[in-house]
Amino acid sequence: MANKLIRFGRPQDRPSLLEEIAVLGHRQVTEVSRNAMLPHMNKRFEITYVVSGTLEWLMNDELIVTRQNDILVTFPEDKLALLGGHFMVSDAYFMQIDFDKDGFMSLEERELFKRKLHAIDGRKISLPTDRSILFSKLISEHERQDVFSEGLCKGWLHEILTMVVRRSEGWE
């Protein structure tokens, strides 16, 4: 099986269903992909969920190693790269969140999530169980859209953000 990337939200991709989700994707790497992610800065928060494999990140010159069921939270303006620029064999979902967009969340809710995400210490959150189904459902609804897709995506985005914040605050 060749490396696979599904992505929504960028100009060359299919559009995202929600204003808050600037970019949504799923990357499955079965063969090491060289020079795949060189140092860059995002303008938004990014949440990466590792389904399998090990990814070694350089974030603001600090090494962060993520493994199965780990979430990496990247802040706006963080400098991010993969160690050596290579995607190792892995399976991961990623999502850039734009809290400045006036979408389904109220201004108060967007500000709360921004404040809570900024308070995360260490940037890596380890989950005790597989929660990839939430990301998988987001991707599936983007692929096969119908009249219910937007509403379902709103719920799953809210659940993902709440899960990340609560887990970072010590909730089990």
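Given the structure is predicted, the values throughout are model-derived calculations rather than measurements.

A. Representation of the environment of Phe 113 in the model. Counting through the fold element by element, Phe 113 comes out in helix α1 (residues 107-118). Put simply, Phe 113 and His 158 are 45 residues apart on the chain and 9.7 Å apart in space, counted from C-alpha to C-alpha.

B. Examining the sheet that holds strand β3 (residues 40-41) more closely. The antiparallel open sheet is built from four strands, whose spatial order is β3-β8-β5-β6. Edge strands, defined here as strands with exactly one partner in the open sheet, are β3 and β6 (62-66). Bridge analysis of β3 against strand β8 (residues 79-82) gives two bridges, and the strand direction is antiparallel. By the bridge assignment for β8, Met 41 is matched with Lys 79.

C. Layout of the packing of helix α2 (residues 132-143) against helix α3 (residues 149-168). At a closest axis distance of 10 Å, the pairing of α2 and α3 adopts a crossing angle of 155°. Here α2 lies roughly antiparallel to α3, going by the angle between them. The two elements α2 and α3 cross, and the hand of that crossing is left-handed. For the pair α2 and α3, the contacting residues are Leu 134, Phe 135, Lys 137, Leu 138, Glu 141 and His 142 in the first and Ser 149, Leu 152, Cys 153, Trp 156, Glu 159, Ile 160 and Met 163 in the second. Class assignment of the residues belonging to the contact of α2 with α3 gives a composition of eight nonpolar, two polar and three charged.

D. Examining the sheet that holds strand β4 (residues 45-53) more closely. Read across the open sheet, the six strands follow the order β1-β2-β9-β4-β7-β10; overall the sheet is antiparallel. Each edge of the open sheet carries a strand with a single partner, namely β1 (4-8) and β10 (124-126). When strand polarity is set aside, the average angle formed by the axes of neighbouring strands in this sheet is 15°. Direction of pairing for strand β7 (residues 70-74) relative to β10: antiparallel, over a ladder of three bridges. Paired with Asp 70 across the strands is Ser 126, a residue of β10.

E. Broad picture of the nonpolar core. In terms of nonpolar packing, the biggest core is built from 35 residues, with Ile 71, Met 95, Leu 117, Leu 161 and Val 164 touching the most fellow members. Contributing elements (two or more residues each) for this core: β1, β2 (21-29), β4, β7, β9 (90-97), α1, α2 and α3. For this core, the element with the most residues is α3, which contributes eight residues. Grouped together as the second largest cluster of nonpolar side chains are twelve residues, Met 37, Val 50, Met 59 and Ala 92 included.

F. Layout of the environment of Asp 70. Within the secondary structure, Asp 70 sits in strand β7. The spatial distance from the C-alpha of Asp 70 to the C-alpha of Tyr 49 is 5.9 Å, given a sequence separation of 21 residues. A distance of 2.8 Å separates a polar side-chain atom of Asp 70 from the backbone nitrogen of Arg 67.

Conventions used here
Residues numbered from 1 in each chain as written. Predicted model: local features only at pLDDT ≥ 70, side-chain atom pairs only at ≥ 80, totals over all residues. Heavy atoms only, no water. Helix = DSSP H or I, 4+ residues; strand = E, 2+ residues; numbered from the N terminus. Pairing = 2+ DSSP bridges. Axes fitted to C-alpha atoms, helices over the stretch in contact; angles between N-to-C directions. Parallel < 35°, antiparallel > 145°, perpendicular 65-115°, else oblique. Left-handed = near helix turned anticlockwise from the far one by under 90°. Contact = heavy atoms within 4.5 Å. Nonpolar A, V, L, I, M, F, W, Y, C, P; charged D, E, K, R; others polar. Core = buried A, V, L, I, M, F, W, Y, C linked by side-chain atoms within 4.5 Å. Buried < 20%, exposed > 50% of the residue type's maximum accessible area, 1.4 Å probe, protein only. Polar contact = N/O pair within 3.5 Å; in protein donor to acceptor, adjacent residues only side chain to side chain.

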